[in-house]
Amino acid sequence: MNKMRVAVFASGSGTNLQAIIDAQIQTIEIAVVFSNKSDAYALERAKTHNIPVEVIDHKGYESREDYDSEVIKVLEPYKLDLIILAGYMRILSPVFVRAYKGKIVNIHPALLPCFPGINSARQALEYGVKYTGVTVHFVDEGVDTGPIILQSVVEIEDSDTEETLLQKIHKVEHQIYPKALELVSSGQIEVKGRRVLKKS
Ligand code: GAR
């Protein structure tokens, strides 16, 4: 089977990138790791595994669209089949989402549609929910609104702080992101409206 050529986008530590690398998914090849931050530790992880990196600092661009157009240009030679957002802390403009329509996936640290945006673990604690979790979804033009591929639940205990809850969420993320990517890259699922279904 042909491997999907993917880019992993990360702005920070890159523990999800590491989990994806470690999972050695047979149906994907990480062609490049992209970041908007030159000091993102994710870039070091990529270099350790001899994966090419690209960095474009978002500062200095007049608009989100200008920045994303440059990102599209820089990534063009990689001939990508899929964009994997793994802690990429920028909202993608419609310019980017349309360029890779249906080919962008994201991991979000909550059970969407609850607690979209940033600081989702803090939002869950402040709201007082007893369960939160992790969502892997396709990206559309909204913020954290695309069709859901996989979700997994994390219980919130009385003793949890934002830090301990984030640790629990990360552990689950590292399990379900590789699973979701395997489903996407091996053609086992299809999107029907808002639903992502296993092909029969
Ligand atoms: C992850 O928890 C991911 O769900 C979150 O950023 C973290 C990145 O961790 N993403 C978002 O909040 C996107 N809105 P990592 O750099 O260790 O993979």
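Here the structure is a predicted model, which is why all the values come from computation and not from measurement.

Caption draft 1: Fine view of the overall build of the chain. Within the chain one finds 6 helices and 9 strands. Over its C-alpha trace the chain gives a radius of gyration of 16 Å, about what one expects of a compact globule, namely 16 Å for 200 residues. Counting only C-alpha atoms and orienting by the principal axes, one finds that the chain spans roughly 50 × 45 × 35 Å. Each of the 200 residues in the chain was classed as buried or not, and the buried ones make up 44%.

Caption draft 2: Structural context of the layout of surface pockets. Volume-wise, the largest pocket comes out at about 910 Å³. For the largest pocket, the lining is made up of 41 residues, of which Gly87, Tyr88, Met89, Ile107 and Pro109 are closest to its centre. The greatest single-element share of the lining of the largest pocket, amounting to 5 residues, is contributed by helix α6 (residues 162-185). Taken together, the residues that form the lining of the largest pocket break down as 17 nonpolar, 17 polar and 7 charged.

Caption draft 3: The arrangement of the site of the ligand in detail. Surveying the vicinity of the ligand reveals the residues Ser13, Gly14, Thr15, Asn16, Gly87, Met89, Ile107, His108, Pro109, Gly117, His170 and Glu173. Note that an oxygen atom of the ligand is positioned 3.5 Å from one of the backbone N or O atoms of Ser13. The contact in question runs from an oxygen atom of the ligand to an N or O atom on the backbone of Ile107, over 3.5 Å. Isolated, the ligand exposes 450 Å² of accessible area, and the fraction of that covered by the protein chains is 87%. Counting atoms within 2 Å of the grid points, the majority share of the ligand lands in the largest pocket. Residue assignment for the shell around the ligand shows that the elements contributing at least two residues are α1 (15-23), β5 (104-108) and α6. When grouped by side-chain class, the residues that make up the shell around the ligand number 3 nonpolar, 8 polar and 1 charged.

Caption draft 4: Main features of the side chain of Ser120. Among the secondary structure elements, Ser120 is positioned in helix α5 (residues 120-127). Within the local environment of Ser120, its side chain forms a polar contact with the side chain of His108, the two groups lying 3.1 Å apart. Discounting residues that sit within four places of it in the chain, Ser120 has contacts with His108, Pro109, Ala110 and Phe115.

Caption draft 5: Inspection of the pattern of salt bridges at higher detail. Within the structure shown, the criterion is met by 8 salt bridges. The residue Lys47 makes a salt bridge to Glu44 at a minimum N-O spacing of 3.7 Å. Within this pair, Lys47 and its partner Glu44 are both found in helix α2 (residues 41-48), separated by 3 residues, close to a single helical turn. You can call Glu44 partly exposed: its relative accessible area is 37%. Each of Glu157, Asp160 and Lys168 takes part in a single network of salt bridges with overlapping partners.

Caption draft 6: Representation of the nonpolar core. Counting residues in hydrophobic clusters, the biggest one holds 41 residues, and the most contacted among them are Ile20, Ile30, Val33, Ile84, Val105, Ile149 and Tyr177. Broken down by element, the residue count for this core peaks at 9 residues, all from α6. Ile30 has contacts with Val6, Val8, Leu17, Ile20, Ile21 and Ile51, leaving out every residue within four places of it along the chain. Judged by nonpolar contacts, the second largest core, of 20 residues, contains Ile56, Ile83, Val97 and Ile104.

Caption draft 7: Here's a closer look at the packing of α5 against α6. With their axes 9 Å apart at the nearest point, α5 and α6 run at an angle of 120° to one another. By the angle between their axes, α5 is oblique relative to α6. The handedness of the crossing between α5 and α6 is right-handed. In this structure, α5 uses Ala121, Arg122 and Leu125 to contact α6, whose residues at the interface are Glu162, Leu165, Leu166 and Ile169.

Caption draft 8: Quick peek at the pairing of strand β6 (residues 131-138). With 7 of 8 residues buried, β6 lies mostly within the body of the structure. Relative to strand β7 (residues 148-155), β6 is paired through 7 bridges, and the arrangement is antiparallel. By the bridge assignment for β7, Val136 is matched with Leu150.

Thresholds, definitions, all that
- Residues numbered from 1 in each chain as written.
- Predicted model: local features only at pLDDT ≥ 70, side-chain atom pairs only at ≥ 80, totals over all residues.
- Heavy atoms only, no water.
- Helix = DSSP H or I, 4+ residues; strand = E, 2+ residues; numbered from the N terminus.
- Rg over C-alpha atoms; globule rule 2.2 N^0.38 Å.
- Buried < 20%, exposed > 50% of the residue type's maximum accessible area, 1.4 Å probe, protein only.
- 1 Å grid on protein atoms, 1.4 Å probe; cavity = no way out; pocket = protein on both sides within 12 Å on 5 of 7 lines; lining within 4 Å.
- Points joined across faces, edges and corners; volume = space filled by probe spheres on them.
- Nonpolar A, V, L, I, M, F, W, Y, C, P; charged D, E, K, R; others polar.
- Near = heavy atom within 4 Å.
- Polar contact = N/O pair within 3.5 Å; in protein donor to acceptor, adjacent residues only side chain to side chain.
- Areas by Shrake-Rupley, 256 points an atom, 1.4 Å probe, with all protein chains shown as cover.
- Sits in = over half its atoms within 2 Å of the grid points.
- Contact = heavy atoms within 4.5 Å.
- Salt bridge = Lys/Arg side-chain N within 4 Å of Asp/Glu carboxyl O.
- Core = buried A, V, L, I, M, F, W, Y, C linked by side-chain atoms within 4.5 Å.
- Axes fitted to C-alpha atoms, helices over the stretch in contact; angles between N-to-C directions.
- Parallel < 35°, antiparallel > 145°, perpendicular 65-115°, else oblique.
- Left-handed = near helix turned anticlockwise from the far one by under 90°.
- Pairing = 2+ DSSP bridges.

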